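# A closer look at the structure
Each chain, written out:
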Amino acid sequence: MSGVFNHWVMDEFNMHGGMNRRRAMGYDKCANIQLNWAECMEAYGRERGDLACKLFYEDLQECIHGTKQILRQKRLKAERWRQVLDGERKYSDLYSTKQPTAASFPYIKPSQ
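Residues numbered from 1 in each chain as written. Predicted model: local features only at pLDDT ≥ 70, side-chain atom pairs only at ≥ 80, totals over all residues. Heavy atoms only, no water.

One finds Cys30, Trp37, Cys40, Met41, Cys53, Leu60, Cys63 and Ile64 forming the largest nonpolar core, which totals eight residues. When contributions to this core are tallied by element, the ones reaching two or more residues are α3 (31-52) and α4 (54-65). (Core = buried A, V, L, I, M, F, W, Y, C linked by side-chain atoms within 4.5 Å. Buried < 20%, exposed > 50% of the residue type's maximum accessible area, 1.4 Å probe, protein only. Helix = DSSP H or I, 4+ residues; strand = E, 2+ residues; numbered from the N terminus.)

So this is what it looks like as structure tokens:
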């Protein structure tokens, strides 16, 4: 029973606000980013941490919500449609079916 109480206490009194316990406790893909932000906030405190840890917080929000990624996808889609409407690309080629080459991913070494 004490385990349940401890989780309730953490949910009610943590500094993570609206984040649920699973997210705050590191059960997802953003766990390391959340931990970096929490450590930064612990080091600087609430008032100074808001400014000092702003980049960690922005990274955490992007990891959770993916707003920049969604915006990028929307811009790519709009550019493809612009190309179709201007005649630079055929409608049938709106979304390429070709697989990307290894050169498309310079940070990954191609397997040999």
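Structure shown, so let's carry the discussion forward.
As a further point, take the side chain of glutamine 83. Summarising the element assignment, glutamine 83 is placed in helix α5 (residues 67-86). Take glutamine 83: its relative accessible area is 17%, and that puts it in the buried class. For glutamine 83, the side chain forms a polar contact with the side chain of arginine 89, separated by 2.8 Å. Apart from residues no more than four positions distant in its own chain, glutamine 83 is found in contact with Glu88 and Arg89. (Polar contact = N/O pair within 3.5 Å; in protein donor to acceptor, adjacent residues only side chain to side chain. Contact = heavy atoms within 4.5 Å.)

All told, the structure shown has two disulfides when counted by the stated rule. The disulfide that involves cysteine 30 links it to cysteine 63, with 2.0 Å between the sulfurs. When the S-S torsion is -95°, as for the bridge of cysteine 30 with cysteine 63, the disulfide is left-handed. Here cysteine 30, found in the loop between α2 (21-24) and α3, pairs with cysteine 63, found in helix α4; they are 33 residues apart in sequence, far enough to count as distant. For cysteine 30, a relative accessible area of 2% gives the class buried. In this model, cysteine 40 is linked to cysteine 53 through a disulfide, with the two sulfur atoms separated by 1.9 Å. Of note, the bridge from cysteine 40 to cysteine 53 carries an S-S torsion of about -90° and is left-handed in sense. Note that cysteine 40 is positioned in helix α3 and cysteine 53 in the loop between α3 and α4, a separation of 13 residues in sequence. When the bonded cysteines of the chain are counted from the start of the sequence, the pairing works out to 1-4, 2-3. (Disulfide = S-S within 2.5 Å.)

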